Amino acid sequence: MADLEKRLEETGVPDGHCGIGHTRWATHGAPSDTNSHPHRSGRVTVVHNGIIENYSELRAELEAQGRVFLSDTDTECVSHMIDSLYKGDPIDAIYSALEQFRGSYALGILFDDRPDTLYAVRRDSPLIVGLGEGENYIASDIPAILSRTTKYYLLETNELAVLDANGVQIYDSYRRPIEKEVFVANWDVSAAEKGGYDHFMLKEIHEQPDALRRTIQPRLAGGIEEIFRKEMPNVSDIKRIYIVACGSAMHAGMVGKHAIEKLAGVPVQVEVASEFRYQTLLFQKGDAVLLISQSGETADTLAALRIAKSCGVPTIAIVNVVGSSIAREADMVLYTWAGPEIAVATTKAYTCQVAVLLMLALRLAAARGISHAELERLAAALDSVPEVVEGLIARADEFKALAENYKDCSDLFFIGRGYDCALCWEASIKLKEVSYIHSEAYAAGELKHGTISLITDGYPVVGIATSDAHYEKTISNVEEVRARGARVMLICTEGTASKNVAHDLIEIPKVDEFIRPIAAILPLQIFAYHAACARGCDVDKPKNLAKSVTVE
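Residues numbered from 1 in each chain as written. Predicted model: local features only at pLDDT ≥ 70, side-chain atom pairs only at ≥ 80, totals over all residues. Heavy atoms only, no water.

1. Overview of the layout of surface pockets
Working step 1: In this structure, the second largest pocket spans a volume of roughly 340 Å³.
Working step 2: Taken together, 19 residues make up the lining of the second largest pocket; nearest its centre are His-258, Lys-262, Tyr-419, Glu-513 and Phe-514.
Working step 3: Broken down by secondary-structure element, the contributors of at least two residues to the lining of the second largest pocket are α7 (247–264) and α12 (372–383).
Working step 4: A total of five residues in the lining of the second largest pocket trace back to one element, the largest contributor, which is α7. (1 Å grid on protein atoms, 1.4 Å probe; cavity = no way out; pocket = protein on both sides within 12 Å on 5 of 7 lines; lining within 4 Å. Points joined across faces, edges and corners; volume = space filled by probe spheres on them. Helix = DSSP H or I, 4+ residues; strand = E, 2+ residues; numbered from the N terminus.)

Have a look at this one:
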């Protein structure tokens, strides 16, 4: 966008009141001016989020007609195809073209002879229509339009929106005009602005106490037996849970697995969504599929949900965006109330996902007759999480100083056991995605099965040892890497480790083990943020990444 702004300063801003643009995550062709959106072919200009899977055969067909392609993208097939079918009726041309496409798309389309009208259509990829006063919009998500309006339509697959300054008309897949429900976003514009912080990531780290309060406290107010009762009236029939997610959401699921199995005795399998959909699925009676996604639009997770539903398996969604595709299609929805998350690297959405999973563990345990007094004690600990998080954020300068010590390393290991291993995965992805430091997460006991050969003098290793049951064994692994010259940073609960066990020590409050996974990740979020800042990285928009992965 900065390059575009500079170009407009040089050339001047064109006249007009209707336009389209898209910062696309490159799927076909290297990021370049030639491959960037919009794509124009004849009388048609297009932006596209998604993937046209049969673009190669379409391109060959269109080139055989004499059409010349200028880019390497799949999107240029869209503009050429619509233009080739355009005979004066935009709606007819668009729907005729859609019949040719395999894959996913959210399209914004302009026709030269209708310069004040914008056409939009979707399949699988997210698309909303914002409703303003004398102006209307299309966007992939709500934060993009908050500065202009909080009212919007949600388009379903192959519904077509026709927008001009005065209104919006929507057509169904049979090209019939339809009326749609108007949604109102409960986020105000300030939630999508930096508010004085240097980066959205830093703002969202600081927003975690309030986000956790919104997510936790209303659910606990009615007692443990009432947690999620409205969304999930009966949980006693659940015999096994598949948790399906990608990235940080999957890491939250790994924490949830430990809590649910330990408290409720319900077996849990955590699956990466992009692989789950290709497995031989052996569902049984009593199975449920729990899908986790901040945006509710993650392509692989959405595909996994549809597979589960086609098999007749109950689906539960943990999402942050009301009305998102996963929220609409799941049988049951447990919302995180994190508010809009703008930074690519998730912080508050992740901790809120963990909080929801911990509450689900309480509800499942209560339904299985676990000691009420014990569950009340755990609920009280969960209720205290916002204050615990506030205390850790107040120590940000301590974690920033440690980031300065590690900012120049090129490689780093995270090691831990039990739920600490799940935290290693999350800490590692957080560091690598924003700072570009190559980091890997390992079950601490696995180091000796090959990876320890990489340890040399000064090699940085972060040990996470907050789990009481695994503490001594993890410390033994810390000693093993120290004996080979590693520089160790250890995260543990206060009072458990001597000062000489590691070169750098982070002590989290000695809170109940039930909530330590949330407490322990805070210093590592702050550490990753400041490491990225110290290295001069674009913290909110890391290279090659997108906030919502809406392509497969």
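Right, picking up where we left off after that structure.
2. Thoughts on the side chain of Glu-204
Working step 1: Tracing the sequence through the fold places Glu-204 in helix α5 (residues 200–206).
Working step 2: Put simply, Glu-204 is tucked away with no salt bridge, and the nearest opposite charge, on Lys-348, sits 5.4 Å away.
Working step 3: Within the local environment of Glu-204, its side chain forms a polar contact with the backbone nitrogen of Ile-342, the two atoms lying 2.7 Å apart.
Working step 4: The residues touching Glu-204, leaving out its near neighbours within four places in the chain, are Pro-340, Glu-341, Ile-342, Ala-343, Thr-347 and Lys-348. (Buried < 20%, exposed > 50% of the residue type's maximum accessible area, 1.4 Å probe, protein only. Lys, Arg positive; Asp, Glu negative; His and termini not counted. Salt bridge = Lys/Arg side-chain N within 4 Å of Asp/Glu carboxyl O. Polar contact = N/O pair within 3.5 Å; in protein donor to acceptor, adjacent residues only side chain to side chain. Contact = heavy atoms within 4.5 Å.)

3. Digging into the packing of aromatic side chains
Working step 1: Applying the stated criterion across every chain yields a total of eleven aromatic pairs.
Working step 2: Between Tyr-335 and Trp-337, the aromatic rings sit 5.3 Å apart at their centres with planes inclined by 35°, giving tilted as the arrangement.
Working step 3: Residue Tyr-335 is classed as buried on the basis of its relative accessible area, which comes to 17%.
Working step 4: The exposure class of Trp-337 is partly exposed, given its relative accessible area of 30%.
Working step 5: Relative to Tyr-459, the ring of Phe-413 has its centre 5.0 Å away and its plane inclined at 45°; by these criteria the two rings are tilted. (Phe/Tyr/Trp six-rings, centres within 6.5 Å; stacked < 30°, edge-to-face > 60°.)

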